[in-house]
Amino acid sequence: MCPTADRPRLAALSPIDFGELAALPGRDGEDLPPDPSRIATILFTSGTSGRPRAVALSLGNHLAGARASSLHQGDSGPERWLASLPIYHAGGLAMVFRAALSGGTLVIASGWDSGAILGALRAHAITHLSLVPTTLG
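This one's a predicted model, so the numbers in the text were calculated from it and none came from an experiment. (Residues numbered from 1 in each chain as written. Predicted model: local features only at pLDDT ≥ 70, side-chain atom pairs only at ≥ 80, totals over all residues. Heavy atoms only, no water.)

Visitor: So what exactly am I meant to see when it comes to helix α2 (residues 59-73) here?
Guide: An α-helix turns once per 3.6 residues; consequently, residues spaced three or four apart project the same way. With 15 residues, α2 extends 21 Å from end C-alpha to end C-alpha; this agrees with the ideal 21 Å at 1.5 Å per step. Where α2 is concerned, the buried positions are Leu-59, His-62, Ala-66 and Ser-69. Down the axis of α2, the buried side of the element spans an arc of 100°, and every buried residue falls inside it. Away from its buried face by more than 90 degrees, α2 exposes Leu-71 and His-72. Its buried side turned inward, α2 meets β2 (39-44), β3 (54-58) and α3 (90-102). Where α2 ends, the next residue or the one after it, Gly-74, has phi of about 85°, a positive value. (Helix = DSSP H or I, 4+ residues; strand = E, 2+ residues; numbered from the N terminus. Expected span 1.5 Å × (residues − 1). Buried < 20%, exposed > 50% of the residue type's maximum accessible area, 1.4 Å probe, protein only. Arc of directions from axis to C-beta. Contact = heavy atoms within 4.5 Å.)

Visitor: Honestly, unusual backbone geometry in this entry has me stumped. Any pointers?
Guide: The phi angle of most residues is negative, glycine excepted, and most peptide bonds adopt the trans form. You will see that Ala-125, though not glycine, has its phi angle at about 50°, which is positive. Along the chain, Ala-125 falls in the loop between α4 (114-123) and β6 (128-129). Under the relative-accessibility criterion, Ala-125 is labelled partly exposed at 47%.

Visitor: Hey, could you run me through the packing of α2 against α3 in this one?
Guide: A pair of packed helices is captured by two measures, namely the crossing angle of their axes and the spacing between those axes. Running from amino to carboxyl end, α2 crosses α3 at an angle of 70°, the nearest separation of the two axes being 9 Å. In terms of orientation, α2 and α3 fall into the roughly perpendicular class. Mapping the contact onto sequence places Leu-59, His-62, Leu-63, Ala-66, Arg-67 and Ser-69 in α2 and Leu-93, Phe-97, Arg-98 and Leu-101 in α3. (Axes fitted to C-alpha atoms, helices over the stretch in contact; angles between N-to-C directions. Parallel < 35°, antiparallel > 145°, perpendicular 65-115°, else oblique.)

Visitor: For this particular structure, what's the right way to read the environment of Gly-104?
Guide: With respect to the element layout, Gly-104 can be found in the loop between α3 and β5 (105-108). For the pair Gly-104 and Glu-79, spaced 25 residues apart in sequence, the C-alpha to C-alpha distance is 4.6 Å.

Visitor: Explain the pairing of strand β4 (residues 80-83) to me, please; I cannot follow it from the model alone.
Guide: Looking along a regular strand, one sees side chains alternate from face to face of the sheet. Where β4 and β5 come together, four bridges link them in parallel fashion. Among the inter-strand pairings, Leu-82 is bridged to a residue of β5, identified as Val-107. Since β4 and β5 lie parallel, the crossover through α3 that links them has a hand, and here it is right-handed. By the bridge criterion, two bridges tie β4 to β6 in an arrangement that is parallel. Of the residues in β6, the one forming a bridge with Leu-82 is Leu-129. (Pairing = 2+ DSSP bridges. Right-handed = clockwise from strand over helix to strand, strands pointing away.)

Visitor: Would you mind going over the nonpolar core with me for this structure?
Guide: The nonpolar side chains of soluble globular proteins are, as a tendency, buried together. Counting residues in each nonpolar core, the largest one holds seven residues, listed as Leu-82, Val-107, Ala-109, Trp-112, Ile-117, Ala-120 and Ile-126. Residues Trp-81, Ala-83, Leu-85 and Met-95 belong to the second largest nonpolar core, which totals six residues. (Core = buried A, V, L, I, M, F, W, Y, C linked by side-chain atoms within 4.5 Å.)

In structure tokens:
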């Protein structure tokens, strides 16, 4: 892909340290466990087999996916994810939960630029990245 002037660049990276975030006290001063069966998000399918459809996912769904990813990859210490997919995409949102579950860090890219992504991998000591085939072309 050739970068163009109107394409968003990876100029602003926003590291989110979930370890620090988890240490913050709740607004009401209580640490109540969330109900894993409640709907947490509603995402839309890509519509490859028809019109896009809304899919309701619970916190339990998100955590199960993050745990499965963690089990598959093994425990290598705190993870540093580069979110190169949009957070409204199922893959992008999965990175949020994976980083949070590991107590790691999520670095959010402002768009796709292969050179900037390579630079971010080095600059932020990224350990995990999730890609889709069109970004590798």
